[in-house]
Amino acid sequence: MPTPLTAADFAALMAPLGPFEARPHVAVAVSGGADSLSLALLAHDWARERGGRAVALTVDHGLRPDSAAEAAQVGSWLSDLGVSHHVLRWDGAKPSADIQAQARAARYGLLEDWCAAAGVLHLLLAHHRDDQAETLLLRLARGSGVDGLAAMAPVVEGFAVRLLRPLLGVDRRRLAATLAARGQGWVEDPSNRNAAYARVRMRALLPILAGEGMTVERLGRTAARLGRARSALETMVADAAARWVAPHPAGHMLVAPEVFRLVPEEVGLRLLSRLVQAVGGQDYPPREEQIRRSYGRLRDGMVGGATLAGCRIAPLRDRILVCREAGRMAPPLPLVPGATQVWDGRFRLKVAERAGSGLWIAALGATGAKRLAALVKPRRLPDVPAAVRPTLPAIYDQQGLCAVPHLGYNRGTVAEPVLQWIIAAPAVPLTAGGRCLV
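Before going into details, it helps to say that this report is about the structure given with it.

Parameters and conventions
Residues numbered from 1 in each chain as written. Predicted model: local features only at pLDDT ≥ 70, side-chain atom pairs only at ≥ 80, totals over all residues. Heavy atoms only, no water. Helix = DSSP H or I, 4+ residues; strand = E, 2+ residues; numbered from the N terminus. Rg over C-alpha atoms; globule rule 2.2 N^0.38 Å. Buried < 20%, exposed > 50% of the residue type's maximum accessible area, 1.4 Å probe, protein only. Contact = heavy atoms within 4.5 Å. Areas by Shrake-Rupley, 256 points an atom, 1.4 Å probe, with all protein chains shown as cover. Axes fitted to C-alpha atoms, helices over the stretch in contact; angles between N-to-C directions. Parallel < 35°, antiparallel > 145°, perpendicular 65-115°, else oblique. Nonpolar A, V, L, I, M, F, W, Y, C, P; charged D, E, K, R; others polar. Phe/Tyr/Trp six-rings, centres within 6.5 Å; stacked < 30°, edge-to-face > 60°. Pairing = 2+ DSSP bridges. Right-handed = clockwise from strand over helix to strand, strands pointing away. Core = buried A, V, L, I, M, F, W, Y, C linked by side-chain atoms within 4.5 Å. Patch = residues over 30% accessible without salt bridge, like charges linked within 9 Å, V, L, I, M, F, W, Y side chains within 5 Å. Salt bridge = Lys/Arg side-chain N within 4 Å of Asp/Glu carboxyl O.

Digging into the overall build of the chain
Helix and strand counts for the chain stand at 13 helices and 19 strands. For 438 residues, the compact-globule estimate of 2.2 N^0.38 gives 22 Å, and the chain sits close to it at 24 Å. Reported as C-alpha extents along the three principal axes, the dimensions of the chain are approximately 75 × 50 × 45 Å. For the chain, the proportion of its 438 residues judged to be buried stands at 46%. Counting contacts in the chain only where the partners sit at least 6 residues apart, residues at least 24 apart contribute 67% of the total. When the accessible area of the chain is evaluated, it comes to approximately 21,800 Å², of which 53% is carbon and sulfur surface.

Encoded structure:
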């Protein structure tokens, strides 16, 4: 019989995921299933024992008729147990294809936005050992490399919140047993039995694979070992970036070309991938054949320029410039006074409360760069490579160019700055969490 998780068991699972505040305030993503509901109760007891608190967040995707009632039921259960609960709704039109991936992206967006607004630094997710085994098999079927086969990481550092998975080594049955020991029910999601989804089909294969020795426990241990390999490679990439890469607040990077000859090939490929993801603001890396082709040119001494994943790569004096490809940038984005917004997948900005309406952010562009040069003597502007200037974020109003923050330009008729701040904060940073380049 599976044994319930105790408070001491859970404290031991949380310990390596810190540091936490003296009085931790954590959020828990709760669907209402046995896994997430048991996590919410364990986290509530853990935080309360330390003088903190846990809040439960349920995302109602609106994809099933019963979803709102289920979210309300979860809220009622948690309220009876003294756990604060909020329902986050995915409003608007729903996709007709790739629903699971779209719903997942919406779910994480809603959860992370709530945490950022509430000042909660840690978001707990209930993925467990069985989920880890299924993820490993799914990625093996797709031909993934080390990163994919390492499956889910216990800690993921986001811009405003840390995603924590304390249950990755825990058998799913122990989570159900934890609720049963408390006399607590849970919600069964019918989509978990729908064979239209690849994860459900993989789950059905697990008993068969276990008969050949590929048990959930062994698959989980394999994912953990690959996770350690991934971590070691990330450390090597971060060390190479700290030594040979100079990031710029305007979003471009200058790279010492010898790095691609001196580091091991796997480290060089990863560094190039992270460079173009950070500069291009992309969520996913380029295809391996694209990375290898560009890496080969850099290793052999690049002559002329190249494009890769929305970025331009070109020699610049004794360095390699990696900057945004001007023709691939995001369209103009209307600015909302007082809001925190993301533009082009790589700039996060805070709009001033008194910014007014009718403002938008867009690329400076070649025309804007020429217009700015006519307004301000170029030697009075910060030294930014010519290839970068058209890709800089610029603020516009009905009169035209209003401000170019990274060049220090603000039109004289604008009494106050439009932005409180703007920083380069791509979805995938150059280095993993815990590494800082200055």
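Considering the packing of helix H11 (residues 265–280) against helix H12 (residues 288–299)
Two elements in contact, H11 and H12, have axes whose closest approach is 10 Å; the angle formed by their N-to-C orientations is 110 degrees. It follows from the interaxial angle that H11 and H12 lie roughly perpendicular. Two secondary-structure elements touch here, H11 through Glu 265, Gly 268, Leu 269, Leu 272, Ser 273 and Val 276 and H12 through Ile 291, Arg 292, Ser 294, Tyr 295 and Leu 298. A per-class count over the contact of H11 with H12 returns six nonpolar, three polar and two charged.

A look at the packing of aromatic side chains
Evaluated as defined, the whole model comprises four aromatic pairs. With a centroid separation of 6.1 Å and 80 degrees between ring planes, the pair formed by Phe 260 and Tyr 295 is classed as edge-to-face. With a gap of 35 residues between them, Phe 260 in helix H10 (residues 259–262) and Tyr 295 in helix H12 connect regions that are remote in the sequence. Summarising the burial analysis for this pair, Phe 260 and Tyr 295 share the class buried.

Some remarks on the pairing of strand S2 (residues 53–60)
Most of S2 sits out of view: seven of its eight residues are buried. Relative to S2, strand S1 (residues 25–29) runs parallel, the two sharing five bridges. Bridging across to S2, Val 26 finds its partner in Ala 54. For the crossover that starts at S1, traverses helix H2 (residues 34–49) and ends in the parallel S2, the hand is right-handed. Pairing geometry for S2 and strand S3 (residues 84–89), over six bridges, is parallel. Bridge pairing links Ala 56 to His 85 in S3. Read from S2 through helix H3 (residues 67–80) to S3, the crossover connection turns out right-handed.

A look at the nonpolar core
Core analysis: the biggest nonpolar cluster contains 31 residues, and Leu 271, Leu 272, Ile 313 and Val 322 have the highest contact counts within it. If you list the elements that add at least two residues to this core, you get helix H9 (216–244), strand S8 (253–255), H10, H11, H12, strand S9 (306–308), strand S10 (311–316) and strand S11 (319–324). In terms of residue count, H11 provides more of this core than any other element does, eight residues in total. Residues within four places of Leu 271 in sequence aside, it is in contact with Val 237, Ala 240, Ala 241, Val 245, Val 259 and Leu 430.

Looking at unusual backbone geometry
Going from Gly 18 to Pro 19, the amide bond is cis rather than trans, its omega being 10 degrees. At Ala 151, a position not held by glycine, the phi torsion is positive, near 60 degrees. By secondary structure assignment, the location of Ala 151 is in the loop between helix H6 (146–149) and strand S5 (155–157). Of note, the phi angle at Ala 309 is positive, near 50 degrees, even though the residue is not glycine. On the secondary structure map, Ala 309 appears in the loop between S9 and S10.

Here's the deal with the pairing of strand S14 (residues 347–351)
The element S14 is largely enclosed, with a buried count of four among its five residues. Two elements, strand S13 (residues 340–343) and S14, share four bridges in a ladder whose sense is antiparallel. Residue Gln 341 lies in a different strand from S14, and its bridge partner there is Leu 349. Two strands pair when backbone bridges link them, and S14 and strand S19 (residues 419–424) are joined in this way by five bridges, in the antiparallel orientation. In the strand pairing of S19, Lys 350 is matched with Trp 421.

Topic: the sheet that holds strand S17 (residues 400–404)
The five strands lie next to each other as S12-S15-S16-S17-S18, forming an open sheet whose pairing is antiparallel. The open sheet is flanked by strand S12 (333–334) and strand S18 (409–410), the only strands paired with a single partner. In the sheet, strand S16 (residues 393–397) pairs with S17 via three bridges, with the strands oriented antiparallel. Opposite Tyr 396, over in S17, you have Leu 401 as the bridge partner.

Quick word on a nonpolar patch on the surface
Taken together, the side chains of Phe 159, Trp 421 and Ile 423 present a nonpolar region at the surface, about 280 Å² in accessible area. Among the secondary structure elements, Ile 423 is positioned in strand S19.

Some words on the pattern of salt bridges
Scanning all chains against the criterion turns up 25 salt bridges. A salt bridge links Arg 172 to Glu 134; its shortest N-O distance comes to 3.9 Å. Remark: Glu 134 occurs in helix H5 (residues 129–141) and Arg 172 occurs in helix H7 (residues 172–182); sequence separation between them is 38 residues. Looking at Glu 134, the relative accessible area reads 0%, which means it is buried. The closest approach of N and O atoms between Arg 328 and Glu 325, which form a salt bridge, is 3.7 Å. Each of the salt bridges in this network shares a partner with another, and the network as a whole consists of Asp 130, Asp 131, Glu 134, Arg 172, Arg 199 and Arg 203.

Re the packing of helix H1 (residues 7–14) against H2
Axis separation between H1 and H2 bottoms out at 10 Å; the angle between their running directions is 85 degrees. The orientation of H1 relative to H2 falls into the category roughly perpendicular. Facing Phe 10, Ala 11 and Met 14 of H1, the residues of H2 in contact are Leu 39, Leu 42, Ala 43 and Trp 46. Looking at the contact of H1 with H2, its residues break down into seven nonpolar, no polar and no charged.

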